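Here are the chains, one letter per residue:
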Amino acid sequence: MKMKINNDTYEVITSQDITNIEKAVDKSALTMPLVAVYCGSRLGNDVIYEQAARELGMALADNGMGLVYGGASIGLMGAVADEVIRGGAEAVGVIPTFMLKHEIAHEQLTRLHLTDTMHTRKTVMAEYADAFITLPGGLGTLEEIMEIATWRQLYQHEKPMIILNINGFYDRMIEHLKYTTEQGFMKQEDLERLVVCNTISDAIDLLQTMVKIDAAVNTEKMAGN
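A brief structural summary.

Definitions and cut-offs
Just so you know, the residues in each chain are numbered from 1, in the order the chain's sequence is written. Where totals are concerned, whole chains, interfaces and linings use all residues; where local detail is concerned, this predicted model gives features only for residues with pLDDT of at least 70, and gives and counts side-chain atom pairs only at 80 or more. The basis for every side-chain value is the complete set of non-hydrogen atoms in the structure, without hydrogens or water. We call a residue buried when its accessible area falls under 20% of the maximum for its residue type, exposed when it is over 50%, and partly exposed in between, using a 1.4 Å probe and counting protein chains only. Numbering of helices and strands runs from the N terminus, with a helix taken as a DSSP run of H or I at least four residues long and a strand as a DSSP run of E at least two residues long. Pairs of strands are assigned from DSSP output, requiring at least two bridges between the strands. Handedness of a crossover is defined as follows: with both strands directed away from the viewer, a clockwise route from the first strand across the helix to the second makes it right-handed. In this analysis a 1.4 Å probe is tested at points of a 1 Å grid over the protein atoms alone, and where it fits but cannot get out there is a cavity; an open set with protein on both sides within 12 Å along at least five of seven lines is a pocket; lining residues have an atom within 4 Å of a point. Grid points are joined across faces, edges and corners, and a volume is the space filled by probe spheres set on the points. Residue classes follow a fixed rule: Ala, Val, Leu, Ile, Met, Phe, Trp, Tyr, Cys and Pro count as nonpolar, while Asp, Glu, Lys and Arg count as charged, and any other residue, Gly among them, counts as polar. To define a nonpolar core, start from buried Ala, Val, Leu, Ile, Met, Phe, Trp, Tyr and Cys residues and group those joined through side-chain atoms within 4.5 Å. By definition in these notes, contact holds between two residues if any of their heavy atoms fall within 4.5 Å. Counting of polar contacts relies on pairs of N or O atoms within 3.5 Å, with two restrictions inside protein: one atom must be capable of donating a hydrogen and the other of accepting it, and residues adjacent in sequence are counted only when both atoms are side-chain atoms. The convention used is that axes are lines fitted to C-alpha atoms, helices contributing only their stretch in contact, and that angles between N-to-C directions extend from 0 to 180 degrees. We call two directions roughly parallel when the angle between them is under 35 degrees, roughly antiparallel when it is over 145, roughly perpendicular when it lies between 65 and 115, and oblique otherwise. Crossings are sorted by hand: turned counterclockwise from the far helix by less than a right angle, the near helix makes the crossing left-handed, and turned clockwise it makes it right-handed.

Some remarks on the pairing of strand β4 (residues 66-69)
Both faces of β4 are covered, namely the face carrying Gly66 and Val68 and the face carrying Leu67 and Tyr69. One ladder, built from three bridges, connects strand β3 (residues 34-38) with β4; its direction is parallel. Bridge pairing in β4 places valine 35 opposite leucine 67. The handedness of the β3 to β4 crossover, carried by helix α2 (residues 47-62), is right-handed. With respect to chirality, the unit in which β4 leads through helix α3 (residues 75-86) into the neighbouring parallel strand β5 (residues 91-96) is right-handed.

Written as structure tokens, this is what we have:
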């Protein structure tokens, strides 16, 4: 299936395509590791969130890392992408076709992929990603980082996962995860794999020591396959 956006025609990646993820996602032409950034399609009520998103985008580009994200030009998502692109780094967007009714796809990406479902989108992003960072966001952002943490718990990947706790945004969630562990519903080691960083410089330092290009992801068991 194909779809046309702004005079460009895109092949839509489907749930069937991701059964052969290496064919659907060709990383051979990429020149840098990509970090998946989960964040809001809104800017939030405090300017500190947009500032952090832009600072993260600049820091990724300055340190030789690119971006894979939800593909939109709005909210914190657009702010991160703008700065990565402005810094000369690669930026890959992945957006489901139905979301184009709600979000405008960024027009300056290195690559834009369209998918049939949210599940396909997340699998494609996970295949591209060499690490995962979460900025503030809403339900979708929470769902994305919790799912990727669940995949790690089930030994489907070994990639770094960072919660960027800007302005103490995730304090309550972190406390709940600690409580979940105390109550016996989560292992301490799985809690510790969700690394909390309070500053962007700490997150970048961590990525520089932990990111391994082309770390394997077992996508056969992801996204309901």
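Now that the structure has been shown, we can carry on.
Some points on the layout of surface pockets
Taken as a whole, the largest pocket encloses approximately 440 Å³ of empty space. At the level of elements, β3, α3, α4 (118-128) and α5 (139-153) are the ones that each hand at least two residues to the lining of the largest pocket. When its residues are assigned to classes, the lining of the largest pocket shows 12 nonpolar, eight polar and four charged.

Topic: the nonpolar core
Core analysis: the biggest nonpolar cluster contains 76 residues, and Val37, Leu56, Leu60, Val68, Leu135, Leu164 and Leu207 have the highest contact counts within it. For this core, the element with the highest residue contribution is α2, accounting for seven residues. What leucine 56 contacts, discounting residues up to four positions off in sequence, is Val37, Ile133, Leu135, Leu164, Ile200 and Ile204.

Quick word on α4
For α4, the buried fraction is high: nine of the 11 residues fall into the buried class. Looking at α4, one finds that the buried residues are Thr120, Arg121, Lys122, Thr123, Val124, Met125, Ala126, Glu127 and Tyr128. Where α4 begins, one side-chain oxygen reaches toward the backbone nitrogen of histidine 119, 3.4 Å away; that side chain belongs to threonine 117.

Examining the packing of α2 against α3
The contact between α2 and α3 brings their axes to 7 Å, and the two run at 30 degrees. Our classification of the angle between α2 and α3 gives roughly parallel. The two elements α2 and α3 meet at a crossing, and its hand is right-handed. Between α2 and α3, the contacting residues are Tyr49, Glu50, Ala53, Arg54, Gly57, Met58, Leu60 and Ala61 on the first element and Leu76, Ala79, Val80, Asp82, Glu83, Val84 and Arg86 on the second. By residue class, the composition of the contact of α2 with α3 is nine nonpolar, one polar and five charged.

Observations regarding unusual backbone geometry
Its identity is not glycine, yet tyrosine 155 carries a phi of approximately 65 degrees, on the positive side. Looking at where tyrosine 155 falls in the secondary structure, it is placed in the loop between α5 and β8 (161-164). The class of tyrosine 155 is exposed, set by a relative accessible area of 57%. Its identity as a non-glycine residue notwithstanding, asparagine 167 has a phi of 60 degrees, on the positive side. Looking at the element boundaries, asparagine 167 is found in the loop between β8 and α6 (171-182). For asparagine 167, a relative accessible area of 46% puts it in the partly exposed group.

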